[in-house]
Amino acid sequence: MPLVPMKELLVDADKNGYAVGAFNINNLEFFQAVMSAAEEENAPVIIAVSEGAMSYAGVDFLEAIVKVGIRKYSIPFALHLDHGKKFERVLEALRSGFSSIMIDASDKPFQENVAITKKIIEICRPLGITVEAELGRLLGKEEDVESLEAIYTDPEDAVRFVQETNCDALAIACGTSHGAYKFKGEPKLDIERIRKIKQLTGVPLVLHGASGVSASMVEEANSLGFALKGAKGVPDSEIKDAIKAGIRKINIDTDLRISFLIGFQRVFLQNPSEIDPRTHLKEARLRVKEKVREKIRLFGSSGRY
Ligand SMILES: [Zn+2]
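The rules behind each value
Residues numbered from 1 in each chain as written. Predicted model: local features only at pLDDT ≥ 70, side-chain atom pairs only at ≥ 80, totals over all residues. Axes fitted to C-alpha atoms, helices over the stretch in contact; angles between N-to-C directions. Helix = DSSP H or I, 4+ residues; strand = E, 2+ residues; numbered from the N terminus. Parallel < 35°, antiparallel > 145°, perpendicular 65-115°, else oblique. Left-handed = near helix turned anticlockwise from the far one by under 90°. Contact = placed C-beta atoms within 7 Å. Pairing = 2+ DSSP bridges.

Trainee: I'm lost on the packing of helix 2 (residues 28–40) against helix 12 (residues 277–299) in this one. Help?
Mentor: Contact geometry of helix 2 with helix 12 gives a least axis separation of 8 Å together with a crossing angle of 40°. The angle between helix 2 and helix 12 falls in the class oblique. The way helix 2 lies across helix 12 gives a crossing that is right-handed. Note on element contacts: helix 12 touches helix 2 through L281, A284, R285, V288, K289, V292, R293 and I296, opposite E29, F30, Q32, A33, V34, S36, A37 and A38.

Trainee: Looking at this structure, how should I read the sheet that holds strand 8 (residues 169–172)?
Mentor: Two strands in a sheet stick together by hydrogen bonds in their backbones, pointing the same way (parallel) or opposite ways (antiparallel). In space, the 8 strands of this closed barrel follow the order 1-2-3-4-5-8-9-10, with parallel pairing throughout. Here the average twist between neighbouring strands, direction ignored, is 25°. Across 4 bridges, the pairing between strand 5 (residues 130–135) and strand 8 is parallel. Bridging across to strand 8, L135 finds its partner in I172. In this fold helix 1 (residues 6–16) packs onto strand 1 (20–24), strand 2 (45–50), strand 3 (77–84), strand 4 (100–103), strand 5, strand 8 and strand 10 (247–252), with an angle of close to 125° to the strand it touches most, strand 10. Strands in contact with helix 12 are strand 1 and strand 10; relative to strand 1, the strand with the most contacts, it is inclined by about 155°.

Trainee: Explain the environment of H83 to me, please; I cannot follow it from the model alone.
Mentor: Along the chain, H83 turns up in strand 3. Between the C-alpha atom of H83 and that of A48, which follows or precedes it by 35 residues, the distance is 9.4 Å.

Here it is, written out as structure tokens:
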């Protein structure tokens, strides 16, 4: 099925009270894992490509993989630039046929964020391409995106931002963070803040840094030789409440990374004489696929297509 603008997926999610998963991919295995899980679950899905993924794989290679996916899979999906910061990267994504762009100027002062977001919308809207913007700041580091302090999104600011930019979706800061170490104490999101922003703006809201980093996954990784002491993510119950409050797109990267490495490492430790990397990659891909399936069910997007 041809790519769809991300907005279409979010409008349906809004109408029916669920969230669409946005899963980061960097290569063939991740793409196949996400798409096959979504296809089996009859779920709409968002393929997220970061500027880091563009640098790693080359955007034209990723474009070629996605083109095959358009032929092969029957579920609706959007191809989305995650955390677009450089104008050239946005243009590259547009040239490669992306159906959605995130412009992240959240590290800039309010008016500058508005101005940059408006400029991208001016380019994308006539092309029918969705634009996600970000207001507020998440703690943590994800590739080139790093912040040492968290600034929760202010509901009144969010209203002004949406009115001035007319963005299609808004990423907000409400307690999540990028990376595997999201909480030192009790893992809690500011659900009331989400509800208020949703009520006031009406726009589909986006939750970044939303991986679960479950205790069982961390334990399994550590038993295989990884050192992820104290890693902690967002509990499923908080995700469910966030969706009820108005979150319509949920970004998952860390959970997929760890799942991939668990699969790979497990094969290596069980059979150190195995030198066909396809054996490792197959298990890694399967682990990612099962994690994506788990998320799709959690988000309520299973059976929505
Ligand atoms: Zn993010």
